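Secondary and tertiary structure notes
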Amino acid sequence: MRLPSYLFAVLLLPAVHLVEAQEQVSGHVGSDVEPGDMFGAAVAISGDFAIVGARGDDDLGEGAGAAYTFQRQDSVWLEQTKLLASDGSAGDMFGVSVGISGDAAIVAAVQNSTLGHHAGAAYIFRFDGQNWQEQAKLVAEYGRESDYFGNSVALDEDYAIVGAVRNDGKVIDSGSAYIFTYDSSGWRQTAKLTADDGKAGDLFGNAVAIDGDYAMVAALEHDKKGKDSGAAYIFHRDGKHWLQQAKLLAKDGKKGDAFGSHVALSGDLCIVGARLKTLKVRGRRSSIHYQNAGAAYIFERDGVAWKQRFAFQPTHRASNLLWGNSVAINDSFALVGAIGATNGAGRVTLFRRAENSKWKEWISPALCRDTRYFGTDVALDGESLIAGASGDGECNGAVQFASVRDMLGHRNVFVPYDEPPRPVGGLKAIAKALRYPEIATNVWLEDRVVVQVWISEEGTVKDVRVIKSMGHIAYDEAAIHAIKSVAWKPATLNGKTVPVWVAIPVIFGDIARHRSTFVPYDNPPSPVGGFGDIQKVLRYPEDARKAGVQGRVIVQVLVSEQGRVDSVKVNKSIGHSACDQAAIKAIKSVAWTPATRNGKPESVWVAVPVIFGDTSRLPSTFVPNDKFVPYDNPPTPVGGFRAIQKALRYPEDARKAGIQGRVIVQVLISEKGRVEDARVIKSSGHTACDRAAVNAIKSVAWNPATQKGKPMPVWVAVPVMFKLLR
């Protein structure tokens, strides 16, 4: 899917290894994050809670999106829960922007189509002390298709602001921002902000911020200082009305600066990033121009006027740093992200405000040298910070938590290393030490377990944590055992050994051989009559049909340059072997057109989904569009979602086999609180578990959704966890 260029101010590439030099600094990857999820592209932090967007997650369909919450417990940040939109569907990009304040969070789905194609929506969640519950779905009054409502969001207590860069606020594509307020009647739109001098294509709403009675909105392609130089606007709340108070421009603003790439607001201070600013350095004979080096500007309020106080430019001189791609600020500290630094590794610079109110660069934290685009997004709250490093392709994203106080006391907290820690004998040594679990004779899986390992300066394995499981504890434990059983060489920095965390993939099966043959191509291999031909020749196993088995089998297929199917392997099963074999047979029975590269046929692997069940029930078209309606309160089980887990009966054969995971069920709750329909949209891979999840959902009483005080029927996605206690 090709995304509009104005939506995102970054390119998102891999972030794999994480560095941790102090106990208070931690790197995290979501527990079930997969390649392409873009975990870390959006982050926010408030008190002991943080939220991370993963707009590429596909639990509810390809690109439907998700967000993860984290909670700090005893100075350690732990993953808390995964949020999904109750009516999420493929392509929504839920998690493209996030915000958090106290016990409330906001997550945007910029391509949600409730009000039209890519009109956009945003969801409010509340933490009830045990769980995060969806509280409301926000859409713009008179919102229209392609508004991209939700490309930016921010939250401050009972106020939320949502940008819509393509809304026709003043004129076509001038952009708007919306203020929503929470009161006894729920969340409601109370203002629509536009620039007094807004013009077509300004992209007003590209970035937003809110703090108390002040709101801030960027217009990335405003032309006051030259085409696409950019601007930012300050609005002040006077009673019930939000009025434009100031228009901010960089004193040295020029054409193409992208002033307004990102903004942050705190009290009387605000900061604006300009990631495409050219850095001009005068030499003895001529000036050197570093294109797209970037800049960041701090403004301070003096009465009703906002004055530019400082202009930051990167001390490291290079082109394409994109310094100012992300920014954050409070009374004492400021953060600036530069995703192009260190050849795309990314860097986040911390500034400290001195007693004379001067801002000084204090430390430039970074992940390790293999990380890509660290600083995709940053956030500050008090002395706590979070920085995201988004990933795509074959890699996951990551986030880094830290305490500013500890960073000030340890200038080497975030440092690249010269040489990473390595197992003696290389990764092959881990493969040799790997022992398949006994359960593999019955439950053969091919995938990778990603393990985070703490290697001390002596080369000792001090800690091991699974950050991406295959869903079976026996495989996870085998991976940990293999890593602990080999000798390690410690990481080095400036010739000295240093302790660091490193993420190690442990591969089960021969997926490495498959992935090594994934070569670039101009046109992918495809069935001669299209992928629909596979569905036409598919023979649904009768026992699977009677048992109600539905889902998608993903088959890895090697199509030769002659168009032959040379090899097939099930990459993702729905837990029914007859369905897997039927999928393979259907793929082999159709003719194929080979892939081409530079005009020549190429032998490549391709992942082919084969669908069992009603294709109209897939997440992208799972329920009628007229069911996707805004509501004030979502449907909830009486007693909370814990009631479902209490009612859950773990199938004995699944328990004995060590099966764990999450089943996601799409449920239609009527206006009377009855379960009218329940359909598994993401299987655990074990049919008995899927049935148990549906039975648990049906066995509890439900409170219906309400809109303007009236009950209404809606679909809601319900995750049911199967987890064995150790």
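These numbers come from a predicted model, not from an experiment.

**Here's the deal with the overall build of the protein chain**
- When you go through the protein chain residue by residue, the secondary structure sums to 11 helices and 51 strands.
- The buried share of the protein chain, reckoned over its 726 residues, is 55%.
- Considering only residue pairs separated by 6 or more positions, the protein chain has 62% of its internal contacts joining residues 24 or more positions apart.

**A look at the sheet that holds strand 46 (residues 661–669)**
- A sheet is described by the order of its strands in space; here 3 strands give the open sequence 47-46-51, paired in antiparallel fashion. Either end of the sheet is taken by a strand with one partner, and the two such strands are strand 47 (675–682) and strand 51 (714–722). Going from strand to strand, the sheet's axes swing by 30 degrees on average, the running direction of each strand aside.
- Note that strand 46 and strand 51 share 9 bridges and pair antiparallel. For Val663, the partnering residue across the bridge sits in strand 51 and is Val720.

**Some points on the sheet that holds strand 9 (residues 132–138)**
- In space, the 4 strands of this open sheet follow the order 6-7-8-9, with antiparallel pairing throughout. Two strands lie at the open edges of the sheet, namely strand 6 (94–101) and strand 9, each paired on one side alone. Across the sheet, the mean angle from the axis of one strand to that of its neighbour is 25 degrees, orientation sign disregarded.
- Pairing between strand 8 (residues 121–127) and strand 9: 6 bridges, direction antiparallel. Residue pairing for strand 9: Ile124 is matched across the bridge by Ala136.

**Side note on helix 11 (residues 687–699)**
- Here helix 11 spans 18 Å end to end across 13 residues, near enough to the 18 Å set by a 1.5 Å rise per residue.
- All of the buried residues in helix 11 are Ala688, Cys689, Asp690, Ala692, Ala693, Val694, Ala696 and Ile697.

**A look at the pairing of strand 28 (residues 374–381)**
- Within strand 28, 7 of the 8 residues are buried, which leaves the element mostly enclosed by the surrounding structure.
- In terms of strand pairing, strand 28 meets strand 29 (residues 384–389) through 6 bridges, oriented antiparallel. Bridge pairing in strand 29 links Phe374 to Ala389.
- Between the end of strand 28 and the start of strand 29, which pair antiparallel, lie 2 residues, with Gly382 showing a positive phi angle near 65 degrees.

**Some words on helix 4 (residues 473–484)**
- With 12 residues, helix 4 extends 17 Å from end C-alpha to end C-alpha; this agrees with the ideal 16 Å at 1.5 Å per step.
- Every buried residue of helix 4 is listed here: Ile473, Ala474, Tyr475, Asp476, Ala478, Ala479, Ala482 and Ile483.

**Quick notes on the packing of aromatic side chains**
- Applying the stated criterion across every chain yields a total of 23 aromatic pairs.
- When the ring of Tyr159 is compared with that of Trp242, the centres are 6.3 Å apart and the planes differ by 75 degrees; the resulting orientation is edge-to-face. Note that Tyr159 is positioned in strand 11 (residues 159–164) and Trp242 in strand 17 (residues 241–248), a separation of 83 residues in sequence. The burial state of Tyr159 is the same as that of Trp242; both residues are buried.
- Taken together, the ring pairs in this structure connect Phe39, Tyr68, Phe70, Trp77 and Phe401 into an aromatic cluster.
- Stacked on the ring of Tyr182, the Lys or Arg Arg126 has its end atom at 4.8 Å from the ring centre.

**Structural notes on the nonpolar core**
- By size, the foremost hydrophobic cluster in this structure holds 25 residues, and its most contacted members are Ile644, Val665, Ile697, Trp702, Val718, Val720 and Phe722.
- Broken down by secondary-structure element, the contributors of at least two residues to this core are helix 9 (642–647), strand 46, helix 11 and strand 51.
- Among the elements that line this core, the one with the most residues is helix 11, at 6 residues.
- Setting aside anything within four residues of it in sequence, one finds Ile697 in contact with Ile644, Val665, Val667, Val675, Trp702, Val718 and Val720.

**Overview of the pairing of strand 14 (residues 204–211)**
- With 7 of its 8 residues buried, strand 14 lies for the most part within the structure.
- Relative to strand 15 (residues 214–219), strand 14 runs antiparallel, the two being bridged by 5 bridges. Paired with Phe204 across the two strands is Ala219, which belongs to strand 15.
- Hairpin connection, strand 14 to strand 15: the antiparallel pair is bridged by 2 residues, and Gly212 has positive phi, about 60 degrees.

**Quick notes on the confidence of the model for the protein chain**
- Confidence in the prediction for the protein chain averages 81 pLDDT; 84% of positions are at 70 or higher.
- Confidence over residues 365–370 falls short of pLDDT 50; this stretch has 31 contacts with residues more than four positions distant or in other chains.
- The low-confidence segment residues 511–518, where pLDDT is below 50, has 15 contacts with residues more than four positions distant or belonging to other chains.

Rules and cut-offs
- Residues numbered from 1 in each chain as written.
- Predicted model: local features only at pLDDT ≥ 70, side-chain atom pairs only at ≥ 80, totals over all residues.
- Heavy atoms only, no water.
- Helix = DSSP H or I, 4+ residues; strand = E, 2+ residues; numbered from the N terminus.
- Buried < 20%, exposed > 50% of the residue type's maximum accessible area, 1.4 Å probe, protein only.
- Contact = heavy atoms within 4.5 Å.
- Pairing = 2+ DSSP bridges.
- Axes fitted to C-alpha atoms, helices over the stretch in contact; angles between N-to-C directions.
- Expected span 1.5 Å × (residues − 1).
- Phe/Tyr/Trp six-rings, centres within 6.5 Å; stacked < 30°, edge-to-face > 60°.
- Lys NZ or Arg CZ within 6 Å of the ring centre and 35° of its normal.
- Core = buried A, V, L, I, M, F, W, Y, C linked by side-chain atoms within 4.5 Å.
- pLDDT = per-residue confidence, 0-100.

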